[in-house]
Amino acid sequence: MAERETDRSVSQTVRAQLALRDLILSGGLRPGERISELQAVETIGVSRTPVRMALVRLEEEGLLEAIPSGGFMVKAFSERDILDSIELRGTLEGLAARFAAERGVSARDLEPLKECLGEIDGLVRQDPISVEAFSSYVALNARFHALLTELSRSPPLIRQIDRASALPFASPSGFVMAQSALPEAYQILLIAQDHHRIVVDAIENREGARAEAIMREHARLAARNLRLALRNRTHLDLLPALALIRSVAD
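Computed from a predicted structure; not experimentally measured.

Q: In this structure, what is going on with the packing of aromatic side chains? I would like to understand it.
A: Aromatic rings in a pair are described by how distant their centres are and how their planes are angled relative to each other. Scanning the entire structure with this criterion turns up zero aromatic pairs. Above the ring of Phe-99, the side-chain terminus of Arg-103 is found at 4.1 Å from the ring centroid.

Shown next, in the form of structure tokens:
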């Protein structure tokens, strides 16, 4: 009975965490806005204990900041914060690609990665690419990065990549939807897919340094997307969370 209650509490905490995160990243809460336990309980409809734990987890993720007088405040992020997080993820993913190349990967293990590449190819053949296609790309891109990380066969590294990707706006697809509204969208997508193919080729040929370098460069495409999106905020409906980020010019 106690175990069942514990499982229920954990489930409610996760539900509250996901709901609050979505509220923040969808623009429902603004930078600097205070959120209390009671407010979150009323909004989400779960008890105070799971809400309290969810708020603490979101503080650990970096989306919230504790207020000395009680409660939490939605954080704003500097452009430098996000760029550093993206660079960190790219460095770790580069190491994963190098491990995969140097430790050797069988043709069978590479099959899911190549199948994912083929599905992405089907999307990038569209010109212009629809917003719906970009949405599909987000899922496929996330799958590609997850499969690549698994090929490192390094549980400690995989855990660190998961932590880095969970940093606000640092995930591989963090700015893809904002990118979809930019004039450079198709060109950037082609470059990204070329990076995907090159890193798979490097891993297959056991070229560790090449695989690592291309994944680090690949992450910098996300940094490029960030800069372009911040300079062109006319499509905040595609990524309302951009409102949380202060550009250098702000």
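Back to the write-up after that little detour.
Q: I tried to follow the sheet that holds strand β2 (residues 64–66) on my own but got confused; where do I start?
A: Whenever strands of a sheet pair, they do so through backbone hydrogen bonds, lying parallel or antiparallel. Strand order in the open sheet made by the three strands is β1-β3-β2, with antiparallel pairing throughout. Either end of the sheet is taken by a strand with one partner, and the two such strands are β1 (34–35) and β2. Taken strand by strand, helix α3 (residues 48–61) contacts β1, β2 and β3 (72–74), and its axis lies near 110 degrees from that of β2.

Q: How do you make sense of the layout of surface pockets when you look at a structure like this?
A: Where empty space is left in the structure can be found by rolling a water-sized probe over the atoms. Of the pockets and cavities examined, the second largest pocket occupies roughly 170 Å³. Of the residues assigned to the lining of the second largest pocket, the class counts are five nonpolar, one polar and three charged.

Q: Explain the pattern of salt bridges here, please?
A: Once the charged atoms of two side chains with opposite charge are near each other, the side chains can pair. Scanning the entire structure with this criterion turns up 13 salt bridges. Across the pair Arg-80 and Asp-84 runs a salt bridge, and its minimum N-O distance is 3.6 Å. Of this pair, Arg-80 and Asp-84 both sit in helix α4 (residues 79–103), separated by four residues, roughly a single helical turn. A salt bridge links Glu-87 to Arg-220; its shortest N-O distance comes to 2.8 Å. Remark: Arg-220 occurs in helix α10 (residues 208–231) and Glu-87 occurs in helix α4; sequence separation between them is 133 residues. Through salt bridges with shared partners, a single ionic network connects Glu-87, Arg-216, Glu-217 and Arg-220.

Q: Explain the packing of helix α5 (residues 107–124) against helix α9 (residues 185–204) to me, please; I cannot follow it from the model alone.
A: Working note: a packed helix pair is described by the angle between its axes plus the distance between those axes. The geometry of α5 relative to α9 is characterised by a closest axis approach of 11 Å and an angle of 160 degrees between their N-to-C directions. As summarised for this structure, α5 and α9 are arranged roughly antiparallel, according to the angle between their axes. When you trace α5 past α9, the crossing you get is left-handed. In this structure, α5 uses Leu-110, Leu-113, Lys-114, Leu-117, Ile-120, Asp-121 and Val-124 to contact α9, whose residues at the interface are Tyr-186, Leu-189, Leu-190, Gln-193, His-196, Arg-197, Val-200, Ile-203 and Glu-204. Across the contact of α5 with α9, the residue classes break down as ten nonpolar, two polar and four charged.

Q: Hey, could you run me through α9 in this one?
A: Counting along an α-helix, one turn takes 3.6 residues, and residues three or four places apart therefore face a common direction. The first and last C-alpha atoms of α9 sit 29 Å apart over 20 residues, in line with the 28 Å expected at 1.5 Å per residue. What α9 keeps buried is the set Ala-185, Ile-188, Leu-189, Ala-192, Gln-193, His-195, His-196, Val-199, Val-200, Ala-202 and Ile-203. Positive phi appears at Arg-206, one or two residues downstream of α9, with a value of about 60 degrees.

Conventions we followed
- Residues numbered from 1 in each chain as written.
- Predicted model: local features only at pLDDT ≥ 70, side-chain atom pairs only at ≥ 80, totals over all residues.
- Heavy atoms only, no water.
- Phe/Tyr/Trp six-rings, centres within 6.5 Å; stacked < 30°, edge-to-face > 60°.
- Lys NZ or Arg CZ within 6 Å of the ring centre and 35° of its normal.
- Pairing = 2+ DSSP bridges.
- Helix = DSSP H or I, 4+ residues; strand = E, 2+ residues; numbered from the N terminus.
- Contact = heavy atoms within 4.5 Å.
- Axes fitted to C-alpha atoms, helices over the stretch in contact; angles between N-to-C directions.
- 1 Å grid on protein atoms, 1.4 Å probe; cavity = no way out; pocket = protein on both sides within 12 Å on 5 of 7 lines; lining within 4 Å.
- Points joined across faces, edges and corners; volume = space filled by probe spheres on them.
- Nonpolar A, V, L, I, M, F, W, Y, C, P; charged D, E, K, R; others polar.
- Salt bridge = Lys/Arg side-chain N within 4 Å of Asp/Glu carboxyl O.
- Parallel < 35°, antiparallel > 145°, perpendicular 65-115°, else oblique.
- Left-handed = near helix turned anticlockwise from the far one by under 90°.
- Expected span 1.5 Å × (residues − 1).
- Buried < 20%, exposed > 50% of the residue type's maximum accessible area, 1.4 Å probe, protein only.

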